[in-house]
Amino acid sequence: MIKRMPKRDDPETIGRRVQQLRRERGLTQRQLAEPAYTPAYISTLEAGRVRPSDEALRHIAGRLGVAFEELATGRPAHLATDLRLRLTEARRTLATGEAGRAAESYARLLAEAERHELAEVRAEALLGLGECALETGELVAGREYFERSEQVLAGEPLPARVPALRGRAVSHYLAGELRYAVYLFESTLDELNRSGLHDPDALLLLYAGVIGPYMDMGAHARAAQAAEFALALAPRAGDPALVARMHRSVARTLLAEGRIAEADASLAKAAELYRTLQLRTELANCHWMRGYVCAQNGELERAEQELREALAMLTAKRASLYTSQVAVELADVLHRRGMSEEAAGLLRQVLGDLSPERGAVHAAAAHRLLGIIAEDAGDTEAAEEHYVRALSLLERAGAAGDLADLCRLLGDLLRRTGRVEAALDAYRTGLGHRTAPGTTTLGPAPAQPLL
């Protein structure tokens, strides 16, 4: 929360307010002035011809029986404190209840903040509305809220704007715009580190956030480096929820490096922190990632249990976009366990909730898996159709690692059906995306933090 002195109203407005309050209390100008000031000073003040000092306003506020801030700004006493308490409650509602209900609270807070010109509360309310929109999958609305929050904070230091910047980057990432999401993360990190603004919470938020886009782009080296920085920054961070989120993101990198036990341990730490904080969505995400870890390690029964738990928790929260993403992971496990029919039904349901602008990478994953299921069933025409749809989605998103794998699947299918030249084209496309992961699609790495 940004802390600043409340902005005073102009002298004429303050003068009218003093006059109104004085008359309501039946006081004369002399009674209001004594013993420190003269009736003439009060008269001049009420006429708006003098800008009162803090000392004079405190004296007058005491005589009128009102708070200094209320007299100077017209805001009810303790308004800012009350709004901060309500912001905290809205955050708790978002974390442990429904995003829709939290959004209603944030909307009311935003209206009051705008009416009373409280910029810091307005920025926090817009940020909260953006987070609610991300959780319900309203990515365009979420992005707009984050942009408005940034605009309110335009005059503040960069670390204060990082949560809104991070939210905007995540909205682009979830929409499948991986390159632009990485650009936002990296340019902000670069500016923070080059300018010496080494705020641990801000840096941790950015390094934890960029891991997902890096992984989806095939930039595993950068993802690993971001994870190392995040782990180094964690002991300095003051927000336990942020530390928990970091552990969840880092687990993905550890998994890519084959460090299964460390990934599982990192997720266990995150889950314990989220249980303590009662952050249901993030705890569901921990079950999600643990399920993913188990699936990659061949523990399919445990993976199914973890993913079903995550799906149930996110469904209860009505976090539609995250629910769809977990459903894709669960369908993959079900298929590998021989329950292909249930997996296909789950995937078809998921595709109704995703689109190229809303969850492109996971929509591609759904088409990819439906293609594999169709190919296993001998329906090569349907399989090819799903692979081509997935390829189009991934090319738009720039998900290099997934593109290479999909081109291999498509190439194998084309080769088996006798279309050798088309298969070679698919293989060449895949090789192009595997040439140098993280270097052909990204520019120079951002400046590093001083650890």
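Conventions we followed
- Every chain begins its residue count from 1, and numbering advances along the sequence as written.
- Confidence filtering applies because this is a predicted model: local features only for residues at pLDDT of at least 70, side-chain atom pairs given and counted only at 80 or more, and all residues used for totals across whole chains, interfaces and linings.
- Calculated side-chain values reflect all of the structure's heavy atoms, with hydrogen atoms and water omitted.
- Counting from the N terminus, the helices are DSSP H or I runs at least four residues long and the strands are E runs at least two residues long.
- Each residue after the first adds 1.5 Å to the expected span of a helix.
- A 1.4 Å probe rolled over the protein chains alone gives each residue an accessible area, and that area as a share of the maximum for its type sets the label: buried under 20%, exposed over 50%, partly exposed in between.
- Between N-to-C directions, angles cover 0 to 180 degrees, with each direction set by a line fitted to C-alpha atoms, over the stretch in contact for helices.
- Orientation categories follow fixed angle ranges, with anything under 35 degrees roughly parallel, anything over 145 roughly antiparallel, 65 to 115 roughly perpendicular, and all other angles oblique.
- For any pair of crossing helices, the crossing counts as left-handed if the nearer helix is rotated counterclockwise from the farther one by less than a right angle, and right-handed if it is rotated clockwise.
- A contact between two residues is defined here by any heavy atoms of the two lying within 4.5 Å.
- Gly falls in the polar group here, along with every residue not listed as nonpolar (Ala, Val, Leu, Ile, Met, Phe, Trp, Tyr, Cys, Pro) or charged (Asp, Glu, Lys, Arg).
- Any carboxyl oxygen of Asp or Glu within 4 Å of a side-chain nitrogen of Lys or Arg constitutes a salt bridge here.

As annotated in an unreviewed UniProt entry, the protein chain is Transcriptional regulator from Streptomyces naganishii JCM 4654.

End to end, helix 9 (residues 139–152) covers 20 Å across 14 residues, agreeing with the expected 20 Å (1.5 Å per residue, within 8%). Every buried residue belonging to helix 9 is among L139, G142, R143, F146, S149, E150 and V152, and all of these are buried.

Quick look at the packing of helix 20 (residues 360–376) against helix 21 (residues 380–397) now. Taken N-terminus to C-terminus, the directions of helix 20 and helix 21 make an angle of 160°; their axes are 8 Å apart at the nearest point. Between helix 20 and helix 21, the angle is such that the two are roughly antiparallel. The chirality of how helix 20 crosses helix 21 is left-handed. Where helix 20 abuts helix 21, its residues A360, V361, A363, A364, H367, R368, L370, G371, I372, A374 and E375 lie against A382, A383, H386, Y387, R389, A390, L393, L394 and A397. Of the residues in the contact of helix 20 with helix 21, the class split is 14 nonpolar, three polar and three charged.

Another point: the packing of helix 13 (residues 220–233) against helix 14 (residues 240–256). Between helix 13 and helix 14, whose axes approach to 9 Å, the crossing angle comes to 145°. By crossing handedness, the relation of helix 13 to helix 14 is classed as left-handed. For the pair helix 13 and helix 14, the contacting residues are A223, A224, A227, A230 and L231 in the first and M246, H247, V250 and T253 in the second. Counted by class, the contact of helix 13 with helix 14 contains seven nonpolar, two polar and no charged residues.

Quick look at the pattern of salt bridges now. Enumeration according to the criterion identifies 24 salt bridges in this entry. R148 serves as the salt-bridge partner of E114, at 3.5 Å between the closest nitrogen and oxygen. Placement of E114 in helix 7 (residues 99–115) and of R148 in helix 9 is noted, with a sequence separation of 34 residues between them. Given a relative accessible area of 31%, R148 falls into the partly exposed group. Across the pair R168 and E150 runs a salt bridge, and its minimum N-O distance is 2.6 Å. Here the residue R168 occupies a position in helix 10 (residues 158–174), and E150 occupies one in helix 9, the gap between them amounting to 18 residues. By relative accessible area, which is 14% here, E150 ends up buried. A single salt-bridge network, built from bridges that share partners, covers R368, D405, R408, D412 and R415.

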